[in-house]
Amino acid sequence: PVHSEPKPAPRRMARCRVGPAVMLQRATEHTAPRVPAMRLPDWQHRFGDLVHARAQTPFAWGSHDCCLWAADAVHAITGVDLAADLRGAYASEPDAAALLNAAGGLYQLAKHRLGRSVRVKMAQIGDIGMAAVDAVPSLVVCAGAHFLAPGRDGLTAILPASVLRVWRCTQCQP
């Protein structure tokens, strides 16, 4: 009898919230190797200007929400815009929810664009964290002894004890 090579086991698709077309696109996408972004020479000044400009800016979907706040902080520090494809794509909570669901949720979006997480106590100024802000998962930005998140009346301080994960702002990939 002639022996042939065993056939590989068929790949099974994991259950997820997106359709098969999106799953296929994700499975066949070529992901470029993650290249660390460098902090710009004047990053401290740029980040300080951003915090000052947003200190009194109220939360607004599509302009000053947690995703765009985090992306704006990364942009100020590294010059890399993680949300170029999201800007102008939504202006309401349902639109934002649809985009997040398509990305697999807020955590998956952050993980995909920011890479591997580090311990919260290792956070540096400008790093992005995930915390429950008013019982809602949100991206927050490290500002030293605390993190900042957009709130009803402007930026709100979040204690590190409330932060669940942290990603380096210099490990971003748009």
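Residues numbered from 1 in each chain as written. Predicted model: local features only at pLDDT ≥ 70, side-chain atom pairs only at ≥ 80, totals over all residues. Heavy atoms only, no water.

**A few points about unusual backbone geometry**
Right, so step 1: A positive phi angle is found at Asp 134, which is not glycine, with a value near 55°.
Right, so step 2: Take Asp 134: it is sitting in the loop between β2 (128-133) and β3 (136-142).
Right, so step 3: Look at Ala 135: it is not a glycine, yet its phi comes out positive at around 65°.
Right, so step 4: Its relative accessible area of 73% is what places Ala 135 among the exposed residues. (Helix = DSSP H or I, 4+ residues; strand = E, 2+ residues; numbered from the N terminus. Buried < 20%, exposed > 50% of the residue type's maximum accessible area, 1.4 Å probe, protein only.)

**A closer look at the side chain of Ser 138**
Right, so step 1: Its place among the elements puts Ser 138 in strand β3.
Right, so step 2: Classification of Ser 138 by relative accessible area gives buried; the value is 10%.
Right, so step 3: Sequence-distant contacts of Ser 138, defined by excluding residues within four places in its chain, comprise Cys 66, Leu 106, Gly 129, Met 130, Ala 131 and Val 133. (Contact = heavy atoms within 4.5 Å.)

**Looking at the confidence of the model for the chain**
Right, so step 1: Confidence along the chain averages 85 in pLDDT terms, with 79% of residues attaining 70 or more.
Right, so step 2: Overall, residues 8-33 carries pLDDT values under 50, and its contacts beyond four positions in sequence, including any with other chains, amount to 14 contacts. (pLDDT = per-residue confidence, 0-100.)

**Things to note about the environment of Gly 154**
Right, so step 1: Residue placement: Gly 154 occurs in strand β5 (residues 154-158).
Right, so step 2: With 96 residues separating them along the chain, Gly 154 and Pro 58 place their C-alpha atoms 4.4 Å apart.
Right, so step 3: Not counting the four nearest positions on each side in its chain, Gly 154 is found in contact with Arg 54, Ala 55, Gln 56, Thr 57, Pro 58 and Ala 149.

**Things to note about the pairing of β2**
Right, so step 1: For β2, a buried count of 5 out of 6 residues is recorded, marking the element as mostly surrounded by other parts of the structure.
Right, so step 2: Remark: 2 residues form the turn of the hairpin made by β2 and β3, two consecutive strands paired antiparallel; Asp 134 in that turn has positive phi of roughly 55°.
Right, so step 3: Across 4 bridges, β2 lies against strand β6 (residues 163-167) in antiparallel orientation. Paired with Gly 129 across the bridge in β6 is Val 166. (Pairing = 2+ DSSP bridges.)

**Overview of the nonpolar core**
Right, so step 1: By size, the foremost hydrophobic cluster in this structure holds 32 residues, and its most contacted members are Cys 67, Val 74, Leu 114, Ile 128, Leu 139 and Val 141.
Right, so step 2: Top element by residues in this core is helix α3 (residues 66-78). It accounts for 10 residues.
Right, so step 3: Ignoring anything within four residues of it in the chain, the contact list for Val 74 reads Gly 79, Val 80, Leu 82, Leu 114, Ile 128, Cys 169 and Cys 172.
Right, so step 4: Residues Cys 142, Phe 147, Val 163 and Val 166 belong to the second largest nonpolar core, which totals 9 residues. (Core = buried A, V, L, I, M, F, W, Y, C linked by side-chain atoms within 4.5 Å.)

**Observations concerning the pattern of salt bridges**
Side chains that differ in sign of charge can pair as their charged atoms come close.
Right, so step 1: With the rule as written, the count across this model stands at 6 salt bridges.
Right, so step 2: Salt-bridge contacts for Asp 127 lead to Arg 39; the nearest nitrogen and oxygen are separated by 3.9 Å. Note that Asp 127 is positioned in the loop between β1 (117-118) and β2 and Arg 39 in the loop between α1 (20-28) and α2 (43-54), a separation of 88 residues in sequence.
Right, so step 3: Linking Asp 85 and Arg 113 is a salt bridge whose minimum nitrogen-to-oxygen distance equals 2.8 Å. With a gap of 28 residues between them, Asp 85 in the loop between α3 and α4 (93-102) and Arg 113 in helix α5 (residues 106-114) connect regions that are remote in the sequence.
Right, so step 4: Accessibility expressed as a relative area gives 12% for Arg 113, which makes it buried. (Salt bridge = Lys/Arg side-chain N within 4 Å of Asp/Glu carboxyl O.)

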